[in-house]
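# Understanding the architecture of this molecule
Listed below are the residues making up each chain.
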There are 2 protein chains.
Amino acid sequence: MVIFVDMDEVIADTYGAHIEIYNKEFNGNLTSESCMGNEVWKMVPEAHQESVRKHATRRGFFKDLKVIPNSQKVLQKLSKKYEVYIASAAMQFPNSLEEKSDWLDEYFPFIPWQNRILCGHKHVLKGDILIDDRSYNLQHFEGRGIQFTSPHNVNTKGFERANSWLEIGEKLL
Amino acid sequence: MVIFVDMDEVIADTYGAHIEIYNKEFNGNLTSESCMGNEVWKMVPEAHQESVRKHATRRGFFKDLKVIPNSQKVLQKLSKKYEVYIASAAMQFPNSLEEKSDWLDEYFPFIPWQNRILCGHKHVLKGDILIDDRSYNLQHFEGRGIQFTSPHNVNTKGFERANSWLEIGEKLL
């Protein structure tokens, strides 16, 4: 069985990083709880939105992301049982590419380079399961799509959902 | 129709770059003609092999590659007719990732980030045609595999072959 796992907001806490940077630079008091159901950049005053939307183009942004709780231990177990691939739509941000590779080396060394994919569209991936936070990726995937809960997608309907890596473990291990 | 196109030795002249660097640094006289049927690192004295094998880990190596003749004009036409994706097994060389993105921006700007894939194994790609120089990529591809001739694969059998981009054009346009 082939399982594809997205990076941002599935194993890497991109949303949390946006909030942290925004609060620091604009003396803000955003929390992920206060952002539920929205993209983070929509939750700040219009004058600050462009700044937030550009976080992902900064050198270092993707290197410093925190790991989503329990993703390491569950993915390590899944990797022993199935063919696990990391599949991140990273090509939009060329600055992210090497940082994502380094980040995986640091936190997910048990997933070798052969099983890492930095791409754009995910509908050309052939496999059984895709774990992703974005509906547009899940929609066009031929296999079983599992939407991983992130603040921005809490109100999205239509997909099987997992709220945590422990839930993924219960479903797939 | 979905077409995947490899980078190294298909649209980017990696083999030529290895020869050029080797000749310059070791005062050599390798030519691609003299290497036919072999990996380039096997064609140099044993004492130099490690150096050649490490070219691909150098910063700048992938940024300066020459474009394979006619690949731009044929791919531009193919892109208008089909869904064309660049698919490069680049994850082995993290230093190559951003350089490959920049190189594509420079020489293949008509292939957008959504259609670029940097990966490891290619057998998780779902599509109709794969144009690649490496047998191990073609072997595990579910669709039609076309082996693009490179000095190292001239004696390889078992795959449909294209010796040039003009031949690809004749086959697919």
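This text follows the structure it describes.
The structure presented is a predicted model; accordingly, all values stated were derived computationally and were not measured. (Residues numbered from 1 in each chain as written. Chains lettered and ligands numbered in written order. Predicted model: local features only at pLDDT ≥ 70, side-chain atom pairs only at ≥ 80, totals over all residues.)

## Side note on the overall build of chain A
Tallying secondary structure elements over chain A gives six helices and six strands in all. Its C-alpha atoms put chain A at 45 × 35 × 30 Å along the principal axes. A burial count over chain A gives 43% of its 173 residues as buried. (Helix = DSSP H or I, 4+ residues; strand = E, 2+ residues; numbered from the N terminus. Buried ≥ 20, exposed ≤ 12 C-beta atoms within 10 Å, placed from the backbone.)

## Observations regarding the relation of the copies chain A and chain B
In screw terms, the move from chain A to chain B is a rotation of 180 degrees and a rise of 0.0 Å along the axis, fitting with an RMSD of 0.0 Å. Interpreted geometrically, this transformation is the action of a two-fold axis. With an isologous cut-off of 70% or more, the 100% of interface residues of chain A that recur at the interface of chain B puts this contact in the isologous class. (Least-squares fit on C-alpha atoms with pLDDT ≥ 70 in both. Contact = placed C-beta atoms within 7 Å.)

## Some points on the packing of helix H3 (residues 71-81) of chain B against helix H6 (residues 165-172) of chain B
All names here are of chain B. Two elements in contact, H3 and H6, have axes whose closest approach is 9 Å; the angle formed by their N-to-C orientations is 20 degrees. Classified by the angle between their axes, H3 and H6 sit roughly parallel to one another. H6 is crossed by H3, and the crossing has left-handed handedness. For the pair formed by H3 and H6, the contact residues are Ser71, Val74 and Leu78 on the first element and Trp165, Ile168, Gly169 and Leu172 on the second. Its residues assigned to classes, the contact of H3 with H6 shows five nonpolar, two polar and no charged. (Axes fitted to C-alpha atoms, helices over the stretch in contact; angles between N-to-C directions. Parallel < 35°, antiparallel > 145°, perpendicular 65-115°, else oblique. Left-handed = near helix turned anticlockwise from the far one by under 90°. Nonpolar A, V, L, I, M, F, W, Y, C, P; charged D, E, K, R; others polar.)

## A closer look at helix H4 (residues 96-107) of chain A
Here H4 of chain A spans 16 Å end to end across 12 residues, near enough to the 16 Å set by a 1.5 Å rise per residue. Turning to H4 of chain A, its buried residues number three or more, namely Ser96, Leu97, Glu99, Lys100, Ser101 and Leu104 of chain A. Next to the buried residues of H4 of chain A lie strand E2 (83-88) and strand E3 (116-118) of chain A together with helix H4 (96-107) and strand E3 (116-118) of chain B. (Expected span 1.5 Å × (residues − 1).)

## With respect to the interface of chain A and chain B
Contacts between chain A and chain B engage 22 residues on the former and 22 residues on the latter. Elements with a contribution of two residues or more to the side of chain A that touches chain B: H4 and E3 of chain A. The dominant element in the side of chain A that touches chain B, judged by the number of residues it contributes, is H4 of chain A, at four residues. Here the side of chain A that touches chain B is composed, by residue class, of 11 nonpolar, seven polar and four charged.

## Some remarks on the pairing of strand E1 (residues 2-5) of chain B
All names here are of chain B. Across four bridges, the pairing between E1 and strand E2 (residues 83-88) is parallel. Each residue of the ladder has a partner; that of Phe4, found in E2, is Tyr85. Pairing geometry for E1 and strand E4 (residues 129-132), over three bridges, is parallel. Bridge pairing in E4 links Phe4 to Leu130. (Pairing = 2+ DSSP bridges.)

## With respect to the environment of Ile86 of chain B
By the secondary structure assignment, Ile86 of chain B is in strand E2. Not counting chain neighbours up to four residues away, the residues in contact with Ile86 of chain B comprise Val5, Met7, Leu104, Ile111, Asn115, Arg116 and Ile117 of chain B.

## Examining the packing of H4 of chain A against H4 of chain B
Contact pair H4 of chain A / H4 of chain B: the axes reach a minimum separation of 7 Å and the direction vectors enclose 155 degrees. Judged on the interaxial angle alone, H4 of chain B and H4 of chain A are roughly antiparallel. Where H4 of chain A crosses over H4 of chain B, the two elements pack in a sense that is right-handed. The segment H4 of chain A lies against H4 of chain B, with Leu97, Glu98 and Ser101 of chain A engaging Leu97, Glu98 and Ser101 of chain B. For the contact of H4 of chain A with H4 of chain B, the per-class residue count stands at two nonpolar, two polar and two charged.

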